[in-house]
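Structural characterization, general
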Amino acid sequence: QVELVESGGGLVQAGGSLRLSCEPSGRTYGMGWFRQAPGKEREFVASISTIGRTQYGESVKGRFTISRENGKSTVYLEMNTLKPEDTAVYYCAGRSTNSLFVYFAANQYDYWGQGTQVTVSS
């Protein structure tokens, strides 16, 4: 079982930036970020495939960037121009099987982190 450890969450003012990191304890393939706000369902944020293809949720396109260091498993989520509606617990997710595709459904991921809180004040 691979463990995913997120870091980088915190409190930021609207318009500010944060960078989240996700470090797997073992081998993972496609990776993604999801978020869940109180009283809402888990929402897809971004994903990256093993060959670097990316996909973003509509609400974060143009503001968030997912990336992966070459040769390393750590995945990042750079979040810019943050809005109060971005406030949520952000979860890192990983796949145990290799694929060229990007995935945006939570049930397509095998590993999950514990989550990191992001709070954007207005």
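Summary of the structure given here. (Residues numbered from 1 in each chain as written. Predicted model: local features only at pLDDT ≥ 70, side-chain atom pairs only at ≥ 80, totals over all residues. Heavy atoms only, no water.)

**A look at the overall build of the protein chain**
The secondary structure content of the protein chain amounts to zero helices and eleven strands. Counted from the first residue to the last, the protein chain has its helices and strands arranged as β-β-β-β-β-β-β-β-β-β-β. For the protein chain, whose C-alpha radius of gyration is 13 Å, the value lies close to the compact-globule estimate of 14 Å for 122 residues. In terms of its C-alpha atoms, the protein chain occupies a principal-axis envelope of roughly 40 × 25 × 20 Å. (Helix = DSSP H or I, 4+ residues; strand = E, 2+ residues; numbered from the N terminus. Rg over C-alpha atoms; globule rule 2.2 N^0.38 Å.)

**A word on the nonpolar core**
Grouped together as the largest cluster of nonpolar side chains are 26 residues, with contacts concentrated most on Trp-33, Val-45, Phe-64, Ile-66, Leu-77, Met-79 and Tyr-90. Counting only elements with at least two residues in this core, the list comes to β3 (18-24), β4 (31-36), β5 (43-48), β7 (64-68), β8 (75-79), β9 (88-94) and β11 (116-121). Not counting residues up to four positions away in its chain, the partners in contact with Phe-64 are Arg-35, Val-45, Tyr-56, Leu-77, Glu-78, Met-79, Asn-80, Leu-82, Asp-86 and Tyr-90. If you look at the next biggest cluster of nonpolar residues, it comprises five residues, including Phe-34, Phe-44, Ala-93 and Tyr-109. (Core = buried A, V, L, I, M, F, W, Y, C linked by side-chain atoms within 4.5 Å. Buried < 20%, exposed > 50% of the residue type's maximum accessible area, 1.4 Å probe, protein only. Contact = heavy atoms within 4.5 Å.)

**Some remarks on the packing of aromatic side chains**
Scanning the model with the defined rule gives five aromatic pairs in all. Both rings, one in Phe-34 and one in Tyr-109, keep their centres 5.5 Å apart while their planes meet at 80°; by these two values the pair is edge-to-face. Separated by 75 residues along the polypeptide, Phe-34 in strand β4 and Tyr-109 in the loop between β9 and β10 (111-112) bring together distant segments of the chain. For the pair Phe-34 and Tyr-109, one class covers both residues: buried. Ring geometry for Phe-44 versus Phe-104: centroids 6.2 Å apart, planes at 65°, classification edge-to-face. Residue Phe-44 is found in strand β5, and its partner Phe-104 is found in the loop between β9 and β10; the two are separated by 60 residues along the sequence. (Phe/Tyr/Trp six-rings, centres within 6.5 Å; stacked < 30°, edge-to-face > 60°.)

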